[in-house]
Amino acid sequence: MAQAQTMNDGVNLSFALKDGENKLGAEVIGLDLTKPIEDACFAKLEDAFNNCSVLVFRNQKITPEQHIDFSRRFGGLAVHVMEQYLLPGYPEIFRVSNVVEDGKRIGGSGEFWHTDLSYVEQPSRGSLLYAVEVPRDANGRSLGDTVFANMAEAYNGLSDTTKKKIDNLKAVHRYGDVYKKVLKDRGGTVELNDDQKKKVPDVIHPVVHIHPFTKQKSLFVNEGFTAEIVGIPKDESDELLNELFEHCRRSEFHYRHVWEENDLVMWDNWATQHRGTGGYTSDHRRMMYRTTLEPTVQF
């Protein structure tokens, strides 16, 4: 991970990646998210976001209001379909948590490769996840890392034959399937009700997406929400998707974030996918707050 240096005046924001890195992730140093950010600083922050896809802000003691206000600088905020996981009083904040209250989980889980809201017609531009409570082992080591994968680098790493094969393909993205899988494999979550299912019908997206800001091609399939390739037999679709999913798991495309309380991490959903690594039990509390950016331009 590179480091982007700035203060809240932002005029000297600089950012560099080390040779040989996978061009994924930058840590922003010196920025206090409880204070206003001038336009010149924010413009450079946006540029770093477009070029690095993942930005890390350490030691940010922010309120839900400040989290929402900072997020809104990047665009409108989506309200998640799973209303039972929203932070009371703050519908813009989706809780990612293993905490159980009154016998029910109060947050979602992402221990599978996915891209937030790839299952809607205009997928989310990005997400901002804030660590409120981080689970730890007996030695105090943080548990529940998040791994991000650079989908432009993953596309570049494909063979020319595979690129030619997939460049004009489209795929169905579906939300409900992941809940059935989690219920079967791990339990501890709920299925969508009928009203929720109506809000997230199947959508179709290109398998290869051209990012409107970077103009880079990137893979836009993920094992959480991509159900099938359009126009080919199911067995061929399953085989091709599994090949692409396996390719995206290669570590050279990844940045692994080790969480500390008060970390805020934001990522580009059009350029990355991610998963939680788990590694903790119901005895370890984990509470994260996520805002989800609506697109400012067409996907």
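In what follows, the accompanying structure is described. Not measured: the values here are computed from a predicted model.

To continue, consider helix 2 (residues 64-72). The α-helix winds at 3.6 residues per turn, so residues separated by three or four positions along the chain end up facing the same way. Listed in full, the buried residues belonging to helix 2 are His67, Ile68, Phe70 and Ser71. What you see down the axis of helix 2 is that its buried residues fit within an arc of 165 degrees, all on one side. Buried residues along helix 2 sit in contact with helix 1 (39-52), strand 4 (54-57), strand 6 (90-97), strand 9 (126-133), strand 17 (264-268) and strand 19 (287-293).

A separate point is unusual backbone geometry. Phi is positive for Asp102, which is not a glycine, with a value near 55 degrees. By the secondary structure assignment, Asp102 is in the loop between strand 7 (100-101) and strand 8 (104-105). Of note in this structure, Asn262 is not a glycine but carries a positive phi near 75 degrees. Here Asn262 is to be found in the loop between strand 16 (254-257) and strand 17.

Here we come to the environment of Gly107. Here Gly107 lies in the loop between strand 8 and strand 9. A relative accessible area of 0% places Gly107 in the buried class. When the C-alpha positions of Gly107 and Gln84 are compared, they lie 7.8 Å apart, and in sequence the two are 23 residues distant.

The strand order 16-10-18 describes an open sheet built from three strands, whose pairing is antiparallel. Only two strands of the sheet have a single partner each, and these edge strands are strand 16 and strand 18 (272-276). When strand polarity is set aside, the average angle formed by the axes of neighbouring strands in this sheet is 20 degrees. Here strand 10 (residues 146-150) pairs with strand 18 via five bridges, running antiparallel.

Cut-offs applied
All chains use their own residue numbering, which begins from 1 and follows the written sequence. Per-residue local features of the predicted model are confined to residues with pLDDT of at least 70, and side-chain atom pairs are confined, for both listing and counting, to 80 or more; whole-chain, interface and lining totals are unaffected and use all residues. Processing note: side-chain calculations cover all non-hydrogen atoms of the structure and skip hydrogens and water entirely. The buried label goes to any residue with under 20% of its type's maximum accessible area, the exposed label to any with over 50%, and the partly exposed label to all in between, with areas taken from a 1.4 Å probe on protein chains only. Helix and strand definitions follow DSSP, with helices as H or I runs of at least four residues and strands as E runs of at least two, each counted in order from the N terminus. In this description, one arc is meant: the one made by directions from the helix axis to the C-beta atoms. Here, two residues are considered to be in contact whenever any of their heavy atoms come within 4.5 Å of each other. Following DSSP output, two strands are said to pair if at least two bridges run between them. Inter-axis angles, ranging from 0 to 180 degrees, are taken between N-to-C directions of lines fitted to C-alpha atoms, where helices are fitted over the stretch in contact.

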